[in-house]
Amino acid sequence: MSIGIAPPATVLPATHANPPRSLWSDAWKRLRRNRMAVASGAFLVLISLFALTAPWLPFLQDPTLQDLARGATPPSPAHWFGTDELGRDTFARVAHGGRISMLVGLVGTFVSLVIGVTWGAVAGYVGGKVDEFMMRVVDVLYSLPYIFLVILLLVFFSKSLLMLFVALGLVQWLTMARIVRGQVLSLRTQTFVEAARALGAGTPAILFRHIVPNTLGPVIVFTTLTVPAVILQEAFLSFLGLGVQPPAASWGTLVSDGAKVLALFPWLVIFPGFAMSLTLLAFNFLGDGLRDALDPQGRRDGN
Amino acid sequence: MISFLSRRLLLMIPTLWVIGTLTFFMMRLAPGGPFMSEKDIPAATKTQLLHQYGLDKPLAQQYGMFLWNAAHFDFGPSYKYPQQQVREIILEGFKVSAELGGWALLLSLLLGVPIGVIAAVNQNRAPDHAAMALALAGVSIPNFVLGPVLVLVFSLTLYWLPPALWRGPETRILPVLALAVSYVAYIARLTRAGMLEVLRQDYIRTARAKGLSERVVVLKHALKLGILPVVSYLGPAAARIIMGSIVIEQIFAIPGLGRYLVIGATNKDYTLVLGVVLFYASFLMALNLLVDIAYTWLDPRVELR
Amino acid sequence: MYGKQRPRCHFGGIPPTPIHPAFRMPSALLSSRPVNHSRPFTRIALVALLATASCTPPARDHRYFGSVTPAKGQVFRFNNGAEPEGTDPGVISGQPDGRVARALFEGLIVSDPQTLMPLPGLAYRWETSADGLVYTYHLRPGLQWNDGTRLDSRDFLYSWTRALDPATVSRNASLLYPIRNGERFNKGEITDPTQLGLAAPDDSTFVVTLENPTAYWLFLNSYYTFLPVPRHTIEKWGVRWTRPEHIVNNGPYNLGYWKQYDRFEFVPNKSYWDRSAVKLDRIIAYTVDDLNTSTNLYKAGVTDWNPSGYIPGPFIPQMRPFADFRQGRYQGVYFYSVNVTRKPYDNVHVRRALNLAIDRLSITRDVLKGSREPWGRLTPEGYPGYQGAPQVAYDPARAREELIQAGYPGGKGFPKLNILFNTSEDHRRIAEAIQAMWKRELGIDVELSNQDWGSYLQATTSLQYDVARRSWIGDYLDPNSFLQLLSAGDGNNRSGWGDPAYDALLKQAARTLDPTERFRLLTQAETMAVESAPFLPIYHYSTTELVKPWVRGLYQTALDYHPLKSIWIDHDWRRHLPRDSSVHP
C-alpha cells in the first residue's frame, strides 16, 4: 500500500526549527475556540475550587455532624441532598468528598498517563528483548493479586495519601502501556518516522516529538476513561483501610455505600453519582477538545 | 513466526515463576495465616493442621514444594475447602466464568465496535454525540449500581427475569448485560478514537480517490487499523472479563471463578490463591500473545521480532 | 415461574450489592441501619433513576413480601448462605456447614424444633447417674448407614474419639471437653484414646463419663460435632469422604446433588429409622452469600425461607409489617473489647468511662432502627433461672467523673484512641456513632481503623489494638458459653484481662450440681467482669428471617437452629393460616 509522505507537519524541517511553544500555543488557541471544552474546563475549575474551599464555605454544614434520630431523610430545604443513615448532611459530604476524589482521579490518571505512555512507547519503539522484558513486567503486575499488594502496603507503611497514590499507581498504568505500545508498533515503521530518523533525530526526539503525538487520540480517550475507574478504585481501597478514613468520605465510598441502599434511600447514590458523572463528562469533553487541539492533522488543516 | 511463537511460549515459564514466587512471598508477609478464625482453635489442633499442609516446614522447603507441585499443575487441596483440590475448584468455576465472560465479551464487541465506527464516520454530528453520550453513561454507572438497578426493574418490578442464580438461559441475560455495559463503552470510545486517527491518514484518502465506496474504505481499510487500540485493550480486558467478575458473580449468585481470589486472600488459603493467580496469569499471557499476533495480521507493517 | 406473578408495586425490592465475601464475618449477622418513612420521594427518585419501570397493579395478597406461589409438591427451597467449608460433622464449624451436616446425619439426641429441648434421636432413652457424671445411652435397634452397613454404639465411640483426636483437626472439639480426659486428649497431653470417658459395653449401649457434672451436656449432644460418622468410608476415602460420590450417612436426608457456590439438593434417606416422619420429597439449599441477592430470591419466590442474617439491615424496618417476617431474640452479644495490656486502658476508670459514655439505646433505636436490643452485659437473655449481672447504663456524667479519676479531666492528655473493626458497612456505622459519642461526652479523639479479616484476627489475637469490635454467639443454652470467654488465657479472651477470683468462681460453678447455686456463682462472676469492663457491651442479637406462609414446622428458636426434618409444605395454606403459629410469632 502506498503511503504519502509524512502527515504530521512536525516532520518538516521548518517546524523542527520552531520551538515547541508554537505547537502548544496553537493548540491553546484552538482549544479556546471549542465551546464545550471551555465550558467543561470552567466547570472543572469551579468544582475543584468548590471542593477545595468546602471547609470554609458558610452554607455548608459540618459533614461529620451526626443527628442519629434524624437519619436517612430525603432532600429538604434544610438538607438539599438529604441526610445519610447517621443523619449527616449529604450535600456537605458530597462537597467534601470531591476533594479526595478529584485529587485521586487526577493523580491516578496522571500516573497512568506518564508511566503508561512512556513505558508503552519505549517498549513498542525499541522492540526486541527490551519490549519483551517490559511487557512481561506488565504481565506480572497484572497478575499479582492486588488485594495482597494493598494489604502489604498497609503492613509496611503507615496509612497516608502517598500510599494511596502508590496503590493506585501500581496498576493504573498497565492497560495504557499496552495500548500505547500497540499504537507505536504500528507507527514506528511509517515513513514519517523513517524520515525523521534520516534527518538525524535522536530516539527520544523521535519518540516524544513524532510518535507519541500520533497516539494521542486513543491515549486521551483512555485517560478520560481512567478517571472514573480510579475514583471507584479508591472506594475499594478505602474498604481495605487505605484511602479515606471515616468519618470522612469520598465520592467513591459514597456511591458504593449508597448502592447498597439504592431502593430505600436513592438520594444517597444519586447525588454523589451525579457529581461523579458530571465531572467525568467534563473530563471527557475537555479530553476530546484537547485531542482535537493537539491533533497534528487538524493543525495542518487549520493552518 | 514459529520462532517468535515458541520463544514467547518459553518466556511464559520464567514469567510465571516470577509471578508465583512474588505471590508466594507476599502471602506469607501478609498478617494472619490460614486456619485463623473468630473462634480460637486449640494449639494442638493448629499444630496438626499446619503439619498436615506442610506449613510447619522451613519456608524455603515450602517454597520448593510449591515450585515442584506447580510444575506438575498440582496445587493440592484448598485450605478452606479441604475436600476439594484447587484444580477442581478452578476448573468448575472457570467453566461458568468463561461462559458468562464469553457472552459479555461478544456482546461488548458486537455493540461497541459498530457504535465506535458510526461515531467516527459521523464525527461531531448527531449520531456521534448520541453514541458517545451512551458510552459515557456506560462508564460512569459502575456495575455494582447497574446490576442492582437491572434486578430491581426486570426481576422485582416487571418479574420478567430471575433475580439471580445460574440455571436456564433466562438467568444469563441480566448478568451478561450488567457485565458488558462498561466494556461496550470502553470499546466504543477506543474504536472511535482509533478510527479517527486512521480515517485522516493519506492512504485512506488514496483509497477514496481511487473511487472505492465509502463502505469499503471504512470497513475494509480503515477498520483494520482503527481497531488497533481496541485490540491492545482486549488482551487484559478479555482476561479479566473471562476470569470472572467478583461483583457480578456476587450480585447474581453465579458459581464462577471470580470470588475465589478474594475468598482465598481473606482466608490466607495459600494453595487456592496461588492456583488462581497462576491460572489467571497463564490465561492473560496467552491472550496478550494472541493480541500481538493479531497486530501483524491487522497491520502488516508491524513486525514481531 | 417469572412473569405469571403480578405482585403489587410496593417498593421493597432490594438491589443486590456486592459485599465482598472478604469483608464479611463468617456467619455474620448484620445489624441494621436507620430507615425513614419518605416513600414519595423514594418513588419519584426511583422512577427518575430507572425511567422505565412501570408498576404492575397491586396483587391481592399484600400481607406477604413478594411472590406467594409455592413450588409444586413437597419441595422446600432456602438459601443456606456461604459455601460450606466442608460437611464432615466432626470437623466443621459454621452455620451453613452445620445445616448440611444435620440434614445428612443424626446423633443420639436431637432438638425439639420449637424449644430445642433434647429429644430422643438414635438413642431412644438415656440415664444419668446421681452424681451427674455418667450418661448411659440406649440405641434404637436395627440402625444402619444408608449403604446398608450396621450402625451401633461402636460408631459413636469411634466418632467422638475421632472428633477429639487432634489429628482430626476438629474446629469444635472443645464442645466435647466435658468428657473425662477429653480436653487433655485433644490438647495432646495424653495420647491413649482408651483413657477417654467413652465406652461401648455392647452394641446398643453407649456410656459417657464426664469430668464434672455438666448441666448443659444433653444440649451439647444435639450439636453437629456429636454426630456419628461412617468409619469404613472415612478409612477408604480420607478427607474426600464427604464428596457426593463417596459420602455415606444416616440422617433423614441423602445428598442428591452438589455444585460449589451453587446449591445442595437433599432427598429423603430410605433407610432412615424414622422415614415416615420425613415429609419433604426434596430440599434445595442454595449457596448465596450476598444478603440482597438472598432476599431478592425470596421475594421472587425462588426460595421459601430466607434465614436469619440474610436480610440487609436497613431493609428490616420495611419488612416488619409483612406477615412472613419474624424477629426474635438470638443468643449473641455484640461488644467492644478493650486491650487492658495497653496504657491507659489498663486503668479500670478509663474503661468504665468508655463504657458509661456509650448510648446503647440511641445505637439500637436510631442507627439500627430497632432491629437489635441495647445490651449492657456479657451474657444474653434466655437462660431460665439465670439472673445475670446488672446492665451498664448510659450515664455521661458518671463517665466524665470516672475519666477525672483516671487523670484525664475532659479528655485532656488522653492519647488518640483507635477502634479496630473488620471491614464492614455495619461495623463502621456503629463505630462512627461511638466515635462521635466519646468525643462529645469525654472529649476523647477517636480514629477508626478497618482491616481485612486476616489482619483483624491477627491484631485481636496478638493484642495489637486499643478497642476492637467483637461479638459472640452462644453454642449451647448456658451462660457458661459466654463467661468462659473472659477466663484468663482463654484463646477467645483477646483482651488481656484476667482475674484469679473470676476464674475461681467459674471453676467452683463447674463443680456445683445445684442449678440455683451454680447460677448464683456465675452471676457473681459476671458482675465482677462487668464492673471491671474489659469489654463494652453494645447490643443483643436478634434473629430476623422471612418464611413463606406455606412452610410448616420451621420455628423461631433462640440458637437460630432449625431441624429440617420437621419441615413440610402446606399447599392449602390459605385456609390454615390463622390457626398456625409458625407463621405469626
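Being a predicted model, the structure only gives us computed values, none of them experimental. (Residues numbered from 1 in each chain as written. Chains lettered and ligands numbered in written order. Predicted model: local features only at pLDDT ≥ 70, side-chain atom pairs only at ≥ 80, totals over all residues.)

Now for the overall build of chain A. Regarding its fold elements, chain A presents 13 helices and zero strands. The helix and strand sequence of chain A, counted from the amino end, reads α-α-α-α-α-α-α-α-α-α-α-α-α. With 303 residues in all, chain A has 54% of them scored as buried. Within chain A, residue pairs in contact and separated by at least 24 positions form 71% of the contacts whose partners lie at least 6 positions apart. (Helix = DSSP H or I, 4+ residues; strand = E, 2+ residues; numbered from the N terminus. Buried ≥ 20, exposed ≤ 12 C-beta atoms within 10 Å, placed from the backbone. Contact = placed C-beta atoms within 7 Å.)

Attention shifts here to the sheet that holds strand β7 (residues 205–209) of chain C. Residues and elements named next belong to chain C. Judged by pairing direction, the sheet is antiparallel, and its four strands sit side by side in the order β4-β5-β7-β6 without closing on themselves. Of all strands in the sheet, those with a lone pairing partner are β4 (123–128) and β6 (198–202), marking the two edges. Direction aside, the axes of adjacent strands within the sheet are offset by 20° on average. In the sheet, β6 pairs with β7 via three bridges, with the strands oriented antiparallel. Across the sheet, the residue bridging to D202 is T205, located in β7. (Pairing = 2+ DSSP bridges. Axes fitted to C-alpha atoms, helices over the stretch in contact; angles between N-to-C directions.)

The next point concerns the interface of chain B and chain C. Each side of the interface is counted separately: chain B has 51 residues, and chain C has 54 residues. Elements supplying a minimum of two residues to the side of chain B that touches chain C: α2 (43–52), α4 (86–121), α6 (143–155), α11 (246–251) and α12 (258–266) of chain B. No other element matches α6(B), which puts eight residues into the side of chain B that touches chain C. When its residues are assigned to classes, the side of chain B that touches chain C shows 34 nonpolar, ten polar and seven charged. (Nonpolar A, V, L, I, M, F, W, Y, C, P; charged D, E, K, R; others polar.)

In this section: the environment of P415(C). Within the secondary structure, P415(C) is located in the loop between α11 (396–405) and β14 (417–422). Spatially, the C-alpha atom of P415(C) lies 35 Å from that of L506(C), the residues being 91 residues apart in sequence.

With that settled, the discussion passes to the nonpolar core. Residues V276(B) and I538(C) are the most contacted members of the largest nonpolar core, which totals 350 residues. Filtering out sequence-adjacent residues up to four positions away, V276(B) remains in contact with I90(B), L257(B), Y260(B), L261(B) and G264(B). (Core = buried A, V, L, I, M, F, W, Y, C linked by C-beta atoms within 7 Å.)

The next subject is the packing of helix α6 (residues 146–156) of chain A against helix α1 (residues 2–29) of chain B. Between α6(A) and α1(B), whose axes approach to 10 Å, the crossing angle comes to 45°. Classified by the angle their axes make, α6(A) and α1(B) are oblique. Handedness of the α6(A)/α1(B) crossing: left-handed. For the pair α6(A) and α1(B), contact is made by F148(A), L152(A) and V155(A) and by M26(B), M27(B) and L29(B), respectively. (Parallel < 35°, antiparallel > 145°, perpendicular 65-115°, else oblique. Left-handed = near helix turned anticlockwise from the far one by under 90°.)

Another point: the environment of V150(A). All names here are of chain A. Counting through the fold element by element, V150 comes out in helix α6. V150 gets classed as buried once you count the C-beta atoms within 10 Å, which come to 26. The spatial distance from the C-alpha of V150 to the C-alpha of L278 is 29 Å, given a sequence separation of 128 residues. Apart from the residues lying within four places of it in its own chain, the contact partners of V150 are A167, L237, L240 and L242.

The subject of this paragraph is the interface of chain A and chain B. The partner chain B presents 54 residues to the 48 residues of chain A that form the contact. Contributing elements (two or more residues each) for the side of chain A that touches chain B: α5 (128–143), α6, α8 (174–187), α10 (203–240), α11 (251–259) and α12 (267–294) of chain A. In terms of residue class, the side of chain A that touches chain B is made up of 29 nonpolar, 15 polar and four charged.

Our focus in this paragraph is the confidence of the model for chain A. Averaged over every residue, the pLDDT of chain A is 81; residues scoring 70 or more account for 89%. Within the model, the stretch residues 1–20 of chain A combines pLDDT values under 50 with 35 contacts to residues more than four positions away or in other chains. (pLDDT = per-residue confidence, 0-100.)

So, about α6(B). Helix length check: α6(B) (13 residues) gives 17 Å between terminal C-alpha atoms against 18 Å at 1.5 Å per residue, within 8%. In terms of burial, α6(B) is largely enclosed, as 13 of its 13 residues are buried. (Expected span 1.5 Å × (residues − 1).)

What follows covers helix α2 (residues 95–104) of chain C. At 3.6 residues per turn, the α-helix brings residues three or four places apart onto the same side. All names here are of chain C. Summarising burial for α2: ten of the ten residues are buried, a large majority. Residues of α2 that are buried: Q95, P96, D97, G98, R99, V100, A101, R102, A103 and L104. Looking at the buried positions of α2, the neighbouring elements they touch are β8 (253–259), β9 (263–268) and β10 (282–286).

In this section: the confidence of the model for chain C. All names here are of chain C. The share of residues in chain C with pLDDT of 70 or more is 88%, and the mean pLDDT across the chain is 86. The low-confidence segment residues 1–60, where pLDDT is below 50, has 163 contacts with residues more than four positions distant or belonging to other chains. Confidence drops under pLDDT 50 across residues 579–585; counting only partners more than four residues distant or on other chains, this segment forms 14 contacts.

Attention now moves to the packing of helix α4 (residues 90–126) of chain A against α12(A). Residue and element names in this part refer to chain A. Following both chains from N to C, one finds α4 and α12 inclined at 35°, their axes separated by 10 Å at the closest point. Here α4 and α12 pass one another in a crossing that is right-handed. Residues T90, V94, G97 and G98 of α4 touch α12, and the partners they reach there are W267, L268, F271, P272 and A275. In terms of residue class, the contact of α4 with α12 is made up of six nonpolar, three polar and no charged.

Here the residue pair P246(A) and P247(A) is connected by a cis peptide bond, since its omega of 10° sits within 30 degrees of zero. Counting through the fold element by element, P247(A) comes out in the loop between α10 and α11. The peptide bond linking K343(C) to P344(C) adopts the cis configuration, its omega dihedral lying at -5°. Inspection of the secondary structure puts P344(C) in the loop between β12 (325–338) and α9 (348–356). In this model, V169(C) sits at a positive phi of 50°, which is unusual for a non-glycine residue. Along the chain, V169(C) turns up in the loop between α3 (153–164) and α4 (182–186). A positive phi angle, near 55°, is found at Y261(C), a position not held by glycine.

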